[in-house]
Amino acid sequence: MPSEPIAPVRGRQLEALRACLLYPKGMRYEAYPSAMPALAKLGLVVSRPALGPGRRISAWFITREGRDHLAEIDASKPGVRTKLPLE
């Protein structure tokens, strides 16, 4: 059902989602080939063209839902302090 919450991602998928967060200009498309399609189906990442100097390549980008999901996972860990956004 679309209204049901997404189960927390674990293992390799969690590692891939966190890695995608580190690359705001897009993570290379070949990274984490088994995890990224599953994350895309969940709506946590999206594949789109990344512009570079003189080229256009496909890359993975984290979505707002992906960022929220990571914040939710990290907030539920005991002893982990979340950083406040600098706005």
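All residue numbers refer to positions counted from 1 along the written sequence of the respective chain. This being a predicted model, a pLDDT of at least 70 is required before a residue's local features are given, and a value of 80 or more before pairs of side-chain atoms are given or counted; all residues contribute to the totals for chains, interfaces and linings. Hydrogen atoms and water are omitted, and side-chain values are computed over all heavy atoms in the structure.

**Q** Is there a simple way to think about the overall build of the protein chain in this case?
**A** Within the protein chain one finds three helices and three strands. Sorting the 87 residues of the protein chain into buried and exposed places 28% on the buried side. Residue pairs at least 24 apart in sequence account for 47% of intrachain contacts in the protein chain once pairs closer than 6 positions are excluded. Residue exposure ignores everything except the shown protein chains as possible cover, and the areas themselves are Shrake-Rupley values with a 1.4 Å probe. For the protein chain, the accessible surface area stands at approximately 6700 Å², while carbon and sulfur atoms represent 56% of it. Counting from the N terminus, the helices are DSSP H or I runs at least four residues long and the strands are E runs at least two residues long. Using a 1.4 Å probe on the protein chains alone, a residue whose accessible area is under 20% of its type maximum counts as buried, one over 50% counts as exposed, and one in between counts as partly exposed. The contact definition used throughout considers only heavy atoms, calling two residues in contact when any of these lie within 4.5 Å.

**Q** How do you make sense of the packing of aromatic side chains when you look at a structure like this?
**A** Two aromatic rings are characterised by how far apart their centres lie and by the angle between their planes. Centres within 6.5 Å are what make two rings of Phe, Tyr or Trp a pair, Trp counting through its six-membered ring; a difference in plane orientation under 30 degrees is then read as stacked, over 60 as edge-to-face, and the rest as tilted. Throughout the structure, instances matching the rule amount to one aromatic pair. Here, a charge over a ring means that NZ of Lys or CZ of Arg falls within 6 Å of the ring centre while also lying within 35 degrees of the ring normal. Just above the ring of F61 sits the side chain of R48; from NZ or CZ to the centre is 3.8 Å.

**Q** Just to check I follow, could you spell out the pattern of salt bridges for this structure?
**A** Should the charged atoms of two oppositely charged side chains come close, the side chains can pair. When a carboxyl oxygen of Asp or Glu lies within 4 Å of a side-chain nitrogen of Lys or Arg, that pair is called a salt bridge. Counted by the stated rule, this structure contains two salt bridges. Ionic pairing is found between R64 and D68, a salt bridge with its closest N-O pair at 4.0 Å. Pair noted here: R64 and D68 are both in helix α3 (residues 64–75), with a separation of four residues, about one helical turn.

**Q** Any chance you could explain the side chain of H69 here in plain terms?
**A** Take H69: it is sitting in helix α3. Judged by relative accessible area, H69 falls into the buried class, the value being 7%.

**Q** Hey, could you run me through the side chain of T63 in this one?
**A** Assignment of secondary structure puts T63 in the loop between β3 (55–62) and α3. For T63, the residues in contact, after removing those within four places along its chain, are G43, L44, V45 and V46.

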